[in-house]
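# Coordinate inspection notes
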Amino acid sequence: MSAVATVAPRRTALSDFTGTGHLVWFMLRRDRVRIAVWTVLIALLYLASLAPGGEYSVLDDDPEARAARAATLSSPAMIAMAGPGYGLDNYTTGAAAANELILWVTISLAVMTILQVVRHTRAEEESGRSELMRAGVLGRHAPSIAVIVEVFLTNMLVATASTLALAGVGLDPVDSAVMSYGIALAALVYGAVALVTSQVSESSGGALGMAFGVLGVTYVARVIGDIQEPLGSPLSWLSPIAWVHQTRVFVDTRIWPLGIAVVVAFVLLVVAAVLGSHRDFGAGMVQVRRGRADASPMLAGPVALAWVRQRAGLLWTTLGLAAMWFATGTILNEVPNMVEAMGDNPLYEDLLKGSGDQLVRTFAAFIGAYSAFGAAAYGIIMTLRAKAEEDATRAALVLAKPVARLRWLLSGTLVATLGSLVVLFSGIWAMALGAYVAGLDSISFADFTGLALAYVPAVLVLLGFTLALYAWVPRASGAAWALFGWMFVVLILADMLDLPDWLRGLSPYWWVENTLVDTMPASHTLGLLGVAVALLLAALVGFRRRDIHG
């Protein structure tokens, strides 16, 4: 008998990219809902702000409001929260939209892009799914190229919708396109950063932390640089956010700063490819520190496991949100001038009532609500970690040991709840610190602490609702985000839309009083706590009755 010789397929330069097209289609299909939601939300932000009756609609017809708003935005605190101030001498609607919205839309799109990149690269390697796919016909660099193509298409879709929204409210179409596509390119740079950090770190949490750290550092560089010199200093140019501002859209448009974004994104992609070629699959360029041979007794049990899984996310979330709320606190003294500069705007007339110190307290409570939203979002994500563990069959492995299922569920819930409270209190205390640094002394630290305490029962209700959904119908646990979105609608638009009380009452936050002005009724606190306990008990019953995946 003679053996049949097998010939290995010839390897070409394109072999590392085999299967990229199929992965792009798979990623787009997997993310289709979140892509649609982000696109619609950003377009609606522009429409709500710039359409007749919106925040900026009065500027073109009211020279006094234009001058007052421009004067307010020339202060260092407002430069930090908006932009360098192009067009303040003639602050039209277009100049205002560019100066005040570029920062926040860029950050929002950058966050979405970072999450998508890490989700489809490092997180897939960490879960083992990428290894299964690479057992078939899939090139080494196919996942990286596919995710970059996906986020590029996503950002271009968002930019197109944004351009149509801006042009639809009467702004110059060319300037609208430069602004929208400039934001998309800046977000793509942060996506390339995330691709690099996904090669450096061995965990998805570490990759996210480093990428968000770069986002934070570049934001700070933009702030310091724009404050150092009018219209930006050399330090500003280290930030992709500043590159969009430097296009000077609606004032003196120029597109060459966006070329920097293209070049930097390309260089980062090359760096990611080189790093990916010089590391082992599943490993990072930075090796994980070798641990002790024997673990501390404190690390035994499901509580310790949940803490280890959540601590990195808690650290970066707390630091990032605290920095943002600190910056917000520094402008509290400017609130009366800001409201006056906004003119007769029905949205802000409903949200910000009163004058003088009462207006400052109302605005501080409004920002406190935003901090509570950050805590709630963190809590939902960490509570649903249990679902991710179950889907990956890791929960079944843990429960195969002598660990009761309710103990495992309550351990993760306890750590997620405590983390949410840390995010809540650190955010409001950071706002208080920023206010004191800026010279505000009319609101005491105890008042800020009381505001944080008032939101604790409402946060617990939302986490209980999330846990109950997961316990009874895991596939419907994403409905927690629907309640989260409705809470935001009630906070911002309830009065403007004249919503009935029964619809407002569906939001746990609607029952929280502004404790900086009024007293929180005991009935509201006890009622929210009662609902939270009932939801927790329902979750325990449901989780005990159903089967565990895997």
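Below or above, wherever it landed, is the structure these notes cover. Because the structure is predicted, anything quoted here is derived from the model rather than measured. (Residues numbered from 1 in each chain as written. Predicted model: local features only at pLDDT ≥ 70, side-chain atom pairs only at ≥ 80, totals over all residues. Heavy atoms only, no water.)

Below, the discussion takes up helix H3 (residues 63-72). Burial in H3 covers these residues: Ala65, Arg66, Arg69, Ala70 and Thr72. When H3 is viewed along its axis, its buried side chains cluster within an angular range of 160° and face the same direction. For H3, the exposed residues lying more than 90 degrees away from the buried face are Pro63, Glu64 and Ala71. (Buried < 20%, exposed > 50% of the residue type's maximum accessible area, 1.4 Å probe, protein only. Helix = DSSP H or I, 4+ residues; strand = E, 2+ residues; numbered from the N terminus. Arc of directions from axis to C-beta.)

We now examine the environment of Pro508. Counting through the fold element by element, Pro508 comes out in the loop between helix H22 (501-504) and helix H23 (522-545). The buried category is assigned to Pro508, whose relative accessible area is 6%. The spacing of Pro508 and Leu460 is 48 residues in sequence and 9.2 Å in space, taken between C-alpha atoms. Ignoring sequence-local partners within four residues, the contact set of Pro508 consists of Ala458, Val461, Leu483, Met487 and Leu528. (Contact = heavy atoms within 4.5 Å.)

Turning to the pattern of salt bridges, a few remarks are in order. It is possible for side chains of opposite charge to pair when their charged atoms get near one another. One pass over the structure, following the stated rule, counts seven salt bridges. Close ionic contact of Arg34 with Asp31 constitutes a salt bridge, the shortest N to O distance being 4.0 Å. When its relative accessible area of 36% is taken as the criterion, Arg34 is described as partly exposed. With a shortest N-O distance of 3.8 Å, Asp447 and Arg361 are connected by a salt bridge. Placement of Asp447 in helix H20 (residues 445-472) and of Arg361 in helix H16 (residues 356-383) is noted, with a sequence separation of 86 residues between them. In the salt-bridge network here, residues are joined through shared partners; they are Asp31, Arg34 and Arg119. (Salt bridge = Lys/Arg side-chain N within 4 Å of Asp/Glu carboxyl O.)

Let us now look at the side chain of Ser236. In this structure, Ser236 sits in the loop between helix H10 (204-228) and helix H11 (240-245). Residue classification places Ser236 among the buried positions, given a relative accessible area of 0%. A polar contact is formed between the side chain of Ser236 and the side chain of Asp226, at a distance of 2.8 Å. (Polar contact = N/O pair within 3.5 Å; in protein donor to acceptor, adjacent residues only side chain to side chain.)

Counting residues in each nonpolar core, the largest one holds 75 residues, and the members touching the most others are Tyr46, Ile102, Leu109, Met179, Ile183, Tyr219 and Val249. The element contributing the most residues to this core is helix H9 (residues 173-200), with 16 residues. Discounting chain neighbours no more than four positions away, the residues touching Tyr46 are Ala51, Leu101, Val105, Ser162, Ala165, Leu166, Met179 and Ile183. Within the second largest apolar cluster, 71 residues are counted, among which are Leu321, Leu359, Ala377 and Phe425. (Core = buried A, V, L, I, M, F, W, Y, C linked by side-chain atoms within 4.5 Å.)

Turning our eyes to something else, we now look at the packing of helix H1 (residues 20-30) against helix H8 (residues 142-168). Running from N to C, H1 and H8 cross one another at 50°; their axes reach a closest spacing of 8 Å. It follows from the interaxial angle that H1 and H8 lie oblique. Where H1 crosses over H8, the handedness of that crossing is right-handed. Between H1, through Thr20, Leu23, Val24, Met27 and Leu28, and H8, the contact on the second element is made entirely by Ala142, Pro143, Ile145, Ala146, Val147, Val149, Glu150 and Leu153. Residues that form the contact of H1 with H8 fall into these classes: 11 nonpolar, one polar and one charged. (Axes fitted to C-alpha atoms, helices over the stretch in contact; angles between N-to-C directions. Parallel < 35°, antiparallel > 145°, perpendicular 65-115°, else oblique. Left-handed = near helix turned anticlockwise from the far one by under 90°. Nonpolar A, V, L, I, M, F, W, Y, C, P; charged D, E, K, R; others polar.)

The geometry of helix H2 (residues 32-50) relative to H8 is characterised by a closest axis approach of 9 Å and an angle of 25° between their N-to-C directions. Looking at the two axes, H2 sits roughly parallel to H8. In the packing of H2 onto H8, the handedness of the crossing is right-handed. Contact with H2, carried on its side by Ile35, Thr39, Ile42, Ala43, Tyr46, Leu47 and Leu50, involves Glu150, Thr154, Leu157, Val158, Ala161, Ser162, Ala165 and Leu166 of H8 and no other residues of that element. Broken down by class, the residue content of the contact of H2 with H8 amounts to 11 nonpolar, three polar and one charged.

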